[in-house]
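Given next are the chains, with one letter for each unit.
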Amino acid sequence: MSGRGHAQTVNYAGVDYFRIVAAVMVIAIHTAPFSGISKDFDFLLTYCAGRVAVPFFFMTTGYFVLGSWRKNGNNAGSKVIRFIKKTLFLYAVSIVLYLPINFYSGGLPGSAGEFIRMLIFDGTFYHLWYFPAVIIGCFAVMMLLKKFPARTVLVITILLYLIGAGGDSYYGIAARIPALEHMYDVIFTVSSYTRNGIFYAPIFLLMGLMLRERKSGMEKTENTACTDSRTGRKNSTVRDISTGWDIAGLCLCLSLMLIEGYLTFSLGLQRHNSMYLFLPPVMYFLFRLLLSVPGRAPGWTRDVSMIVYIIHPGVLIVLRGIAGAAGLDWLLAENAFVQFITVSTASFAVAVLIDLVYTRIRIRKEAHENA
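Quick summary incoming for the structure in this document. Note that the structure is predicted; figures quoted are calculated from it, not measured.

How each quantity is defined
Residues numbered from 1 in each chain as written. Predicted model: local features only at pLDDT ≥ 70, side-chain atom pairs only at ≥ 80, totals over all residues. Heavy atoms only, no water. Helix = DSSP H or I, 4+ residues; strand = E, 2+ residues; numbered from the N terminus. Buried < 20%, exposed > 50% of the residue type's maximum accessible area, 1.4 Å probe, protein only. Contact = heavy atoms within 4.5 Å. Areas by Shrake-Rupley, 256 points an atom, 1.4 Å probe, with all protein chains shown as cover. Axes fitted to C-alpha atoms, helices over the stretch in contact; angles between N-to-C directions. Parallel < 35°, antiparallel > 145°, perpendicular 65-115°, else oblique. Nonpolar A, V, L, I, M, F, W, Y, C, P; charged D, E, K, R; others polar. Phe/Tyr/Trp six-rings, centres within 6.5 Å; stacked < 30°, edge-to-face > 60°. Lys NZ or Arg CZ within 6 Å of the ring centre and 35° of its normal. Core = buried A, V, L, I, M, F, W, Y, C linked by side-chain atoms within 4.5 Å. Salt bridge = Lys/Arg side-chain N within 4 Å of Asp/Glu carboxyl O. Expected span 1.5 Å × (residues − 1). Polar contact = N/O pair within 3.5 Å; in protein donor to acceptor, adjacent residues only side chain to side chain.

### Considering the overall build of the chain
The number of helices and strands found in the chain is 15 helices and 0 strands. Expressed as a percentage of its 371 residues, the buried residues of the chain come to 47%. For the chain, long-range pairs separated by at least 24 residues make up 80% of all intrachain contacts whose partners lie at least 6 apart in sequence. As displayed, the chain has an accessible area near 18600 Å², and 68% of this comes from carbon and sulfur atoms.

Next comes the structure, spelled out in structure tokens:
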């Protein structure tokens, strides 16, 4: 969720439109829409396939923000600084927004140590962990890239991800080994999950950055390869073959991730279900395919998806309150699919309204400054 930037010229329509899809996936994760139909189906679709949502947002940050930083010679450029400032601002606003809910539900930290853990790792509300994770992950990747080559950093982030997976989907295995169990006990005193800015975010941020470098480096090669030497016209055969391999790779890796997810779930190995071994390969092929979609998407897709991510738990709580007051719990709260639809619809409606108001205020401010 890298926010509104300058208008992209080509080949980012897939990425920007998928922001909306990813936001809907996040809502699904928090509402379990198909649990009333089949818990197994809901798990496979929502808590396996749907787990591509947050890594996708990390990869967009890696691609557009860290990719720009890397292109500028590993210097802390204005784009990275703007992103960090904006993320901190959004995190602060979100903390204040959910403070009344935390107070009412008894979710306020009981000690300074617990407050620091929530602020840095867990998030002050269950979905806000993303903000500290993306900030910590960015700093981690940038520091590593200043000391090591990108491929070495990739190995380091893979190792970190494997450690994270041991405390997530594979905790049932790791906990049987005393040394690993002790290690994870220490980790969980600092962070409630390994799904954080140290173990989870870096690999996806780096993948986004490396795909940006790979795309930039191969554009000339692709342009040459896609040109017919006899006619001088563009030949789409090479690009079509590449896309075909990406589709095949995505289908294969996604199938394996669904199997992996179901097995770790059915065998009772999961402490949480965010980190699967096949998730990074799935994200690699998915993001490549999204980058291959030509054209541009409306700029509002970026801000609206971000706003939906922030507000949807609040919308969920408000709708549950309305359902209880109106005697409609049976429809709007107990029916998971209807709840998912209503929360999604209301969240996007509110997000679009907020974006319109913000855009008008910004335009008026710019007009006043230029007057």
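### Concerning the packing of helix α1 (residues 13–29) against helix α12 (residues 279–291)
A pair of packed helices is captured by two measures, namely the crossing angle of their axes and the spacing between those axes. Relative to each other, α1 and α12 sit at 120°, their axes nearing to 6 Å. When the axes of α1 and α12 are compared, the pair comes out oblique. Residue-level contacts link G14, V15 and F18 of α1 to L286, F287, L290 and L291 of α12. Here the contact of α1 with α12 is built from residues that sort into 6 nonpolar, 1 polar and no charged.

### Some points on the packing of aromatic side chains
Using the criterion set out here, one finds 28 aromatic pairs in the structure. Aromatic pair Y63 and F287: ring centres 5.8 Å apart, planes at 50°, arrangement tilted. Here F287 lies in helix α12 and Y63 lies in helix α3 (residues 53–71), a separation of 224 residues in the sequence. Look at Y63 and you get buried, because its relative accessible area is 1%. A relative accessible area of 0% means that F287 is categorised as buried. Through pairs of rings, three or more aromatic residues link up here, namely F58, Y91, W129, Y130, F131, Y161, Y200, F204 and Y309. The ring of Y63 carries the charged tip of R212 above its face, separated from the ring centre by 5.5 Å.

### Regarding the nonpolar core
Of all hydrophobic cores here, the largest spans 87 residues; its most connected members are F56, F58, Y200, F204, L279 and M283. The leading source of residues in this core is α3, at 11 residues. Those residues within four positions of F58 in sequence are excluded, and the remaining contacts are W129, Y130, A133, V134, Y200, A201, F204 and L205.

### So, the pattern of salt bridges
Any two side chains of opposite charge can pair if their charged atoms end up close together. Summed over all chains, the structure comprises 7 salt bridges. Note that E213 and R70 form a salt bridge whose closest N and O atoms lie 2.8 Å from each other. Residue E213 is found in helix α10 (residues 201–225), and its partner R70 is found in helix α3; the two are separated by 143 residues along the sequence. Residue classification places E213 among the partly exposed positions, given a relative accessible area of 33%. Residues joined by salt bridges that share partners form a network here, namely D16, R19 and R302.

### Things to note about α12
The terminal C-alpha atoms of α12 lie 18 Å apart, and with 13 residues this matches the ideal 18 Å at 1.5 Å per residue to within 8%. By the criterion of burial, α12 is predominantly enclosed, with 11 of the 13 residues buried. Considered for burial, the residues of α12 that qualify are L279, P280, V282, M283, F285, L286, F287, R288, L289, L290 and L291.

### Brief notes about the environment of P55
Its place among the elements puts P55 in helix α3. The buried category is assigned to P55, whose relative accessible area is 0%. In the structure, P55 is positioned 152 residues away from M207 in sequence and 10.0 Å away in space, judged by C-alpha atoms. P55 has contacts with Y200, F204, L279 and M283, leaving out every residue within four places of it along the chain.

### Topic: the environment of R271
Relative to the assigned elements, R271 resides in the loop between α11 (237–266) and α12. Along the chain, R271 and D168 lie 103 residues apart, while their C-alpha atoms are 5.1 Å from each other. Those residues in contact with R271 that lie beyond four places of it in its chain are G167, D168, Y171, F188, S192 and Y193. Among the polar contacts listed, one links the side chain of R271 to the backbone oxygen of S192, at a separation of 2.8 Å.

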